[in-house]
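Remarks on the overall topology
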Amino acid sequence: MDIGYRAYGGERLGRSYARRSLFEHSLRGAYGLGRSARSKVLPFLFFAIVATPALVMVAVSVTVGIDELPIDYARYAVWMQPVIGLFLALAAPHMVSLDLRFRTVPLYFSRPIERLDYVAAKLTALTTALIIFTGAPVLILYIGALLAKMPFGEQTRGLAEGLAMTVVFAALHAAIALLVASFTPRRGFGVAAVIAVLTVPYFAATAVQFVAYDQGNDDLAMALGLFSPGTLIDGLQGLLFTDETDFPGNLAPDGAIAAAYPLVIVGLTALCCALLLRRYRKAGI
């Protein structure tokens with residue numbers, strides 16, 4: 001019996017189009033684009049806060065004519081971690097918690113998109129949002145350094161180092177935040193959980209580091225940096241680029257402990273991605 005349904009006769013765009021659309025929608029949502037004006041206030045406020053120190057440094061450098069920037073490019077993301085963490089806690093739950101709350105995940109999976117596509121699109125979108133958020137101030141510093149007539153080659157190398165750390169920082173923190181947020185359909189709980197996961201281990205690891213350093217155990221202090229995302233990134237940039245960290249005594253990792261930093265970062269990022277895929281085997285039912 002014909003009940004009036006009409007067949008779709010248009011072009012079938014497939015998985016790649018669905019994946020790209022989900023990526024674009026999620027990336028725009030991280031900054032409140034396509035949503036109400038109120039939704040844009042906090043993302044752009046945090047962006048202004050994270051970019052303002054770079055603008056001030058540029059103004060001082062151009063006006064006074066100093067020979068080098070007050071901060072290394074590779075250290076900027078580490079220095080602004082609290083503000084970046086707030087942006088991340090805002091963006092990650094928006095990307096996944098609302099889909100769980102309104103039960104739209106099964107609708108995604110009823111289309112050509114698969115679980116891997118969903119996780120990859122969300123993770124890539126959040127990583128890209130973080131790269132923009134943390135990379136823009138680094139570019140501002142670079143432009144200011146060139147306007148202040150600092151050596152082009154030295155500043156370009158510093159920019160490359162800063163952007164490399166931005167990518168590593170974004171990939172690690174996006175994977176952790178998205179995994180944490182994916183376990184609750186309540187956006188407020190997701191925000192609190194992401195903040196807790198990023199801050200509690202950091203302060204705990206830093207506190208114990210200073211205790212170990214005060215007791216003369218530098219190796220233990222460096223090893224304790226492996227136990228939080230913030231100290232991992234700080235240790236890696238000190239190891240690779242600046243030879244300086246926020247660790248006790250401003251020490252940078254060396255020896256066998258130094259080799260563990262990139263391995264732990266890669267392993268932790270991969271583990272979070274694997275757990276996200278496992279999470280959505282159940283969440284999509």
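Figured I'd write up the structure that's included with this text.

Rules used throughout
- Counting restarts for each chain, with residues numbered from 1 along the sequence as it is written.
- Only residues with pLDDT of at least 70 are given local features in this predicted model, and only at 80 or more are side-chain atom pairs given and counted; all residues enter the totals for whole chains, interfaces and linings.
- Think of the side-chain values as coming from all heavy atoms in the structure, minus any hydrogens and water.
- The axes are straight lines fitted to the C-alpha atoms, using for helices just the contacting stretch, and the angles between their N-to-C directions are given from 0 to 180°.
- Comment: elements are numbered from the N terminus, with helices defined as DSSP H or I runs of at least four residues and strands as E runs of at least two.
- These descriptions rest on fixed angle ranges, namely under 35 degrees for roughly parallel, over 145 for roughly antiparallel, 65 to 115 for roughly perpendicular, and the rest for oblique.
- Two helices that cross are described as forming a left-handed crossing if the nearer one is turned anticlockwise from the farther one by less than a right angle, and a right-handed crossing if clockwise.
- Only Asp, Glu, Lys and Arg are considered charged in this grouping, and only Ala, Val, Leu, Ile, Met, Phe, Trp, Tyr, Cys and Pro are considered nonpolar; every other residue, Gly among them, is considered polar.
- Residue contacts follow a heavy-atom distance rule, with two residues in contact if any of their heavy atoms lie within 4.5 Å.
- Any Phe, Tyr or Trp ring, taking Trp's six-membered ring, that has another such ring centre within 6.5 Å forms a pair; planes under 30 degrees apart are called stacked, those over 60 apart edge-to-face, and the others tilted.
- Exposed residues in this analysis have more than 50% of their type's maximum accessible area, buried residues have under 20%, and partly exposed residues fall in between, with area computed by a 1.4 Å probe over protein chains only.

Observations concerning the packing of helix 6 (residues 115–147) against helix 7 (residues 152–181)
Put simply, helix 6 and helix 7 touch, their axes get as near as 8 Å, and they point 155° apart. Here helix 7 runs roughly antiparallel to helix 6, going by the angle between their axes. Regarding helix 6 and helix 7, the two cross each other, and that crossing is right-handed. The class makeup of the residues in the contact of helix 6 with helix 7 is 19 nonpolar, eight polar and one charged.

With respect to the side chain of threonine 166
As for its placement among the helices and strands, threonine 166 is situated in helix 7. Setting aside chain neighbours within four positions, we find threonine 166 in contact with Ile131, Thr134, Gly135 and Val138.

Side note on the packing of aromatic side chains
Two descriptors summarise a pair of aromatic rings, namely the distance from one centre to the other and the angle between the planes of the rings. Summed over the entire model, instances satisfying the criterion amount to seven aromatic pairs. Note on tyrosine 31 and phenylalanine 87: the rings are 5.2 Å apart at their centroids and 40° apart in plane angle, and the pair reads as tilted. Here phenylalanine 87 lies in helix 4 (residues 81–101) and tyrosine 31 lies in the loop between helix 1 (14–30) and helix 2 (37–65), a separation of 56 residues in the sequence. In terms of burial, tyrosine 31 and phenylalanine 87 fall into one category: buried. Taking the centre distance of 5.8 Å and the plane angle of 70° together, the rings of tyrosine 76 and tryptophan 79 count as edge-to-face. Here tryptophan 79 and tyrosine 76 lie together in helix 3 (residues 76–79), a separation of three residues that amounts to about one turn. Cluster of aromatic residues (ring-pair linked, three or more members): Tyr31, Phe44, Phe47, Phe87 and Phe133.

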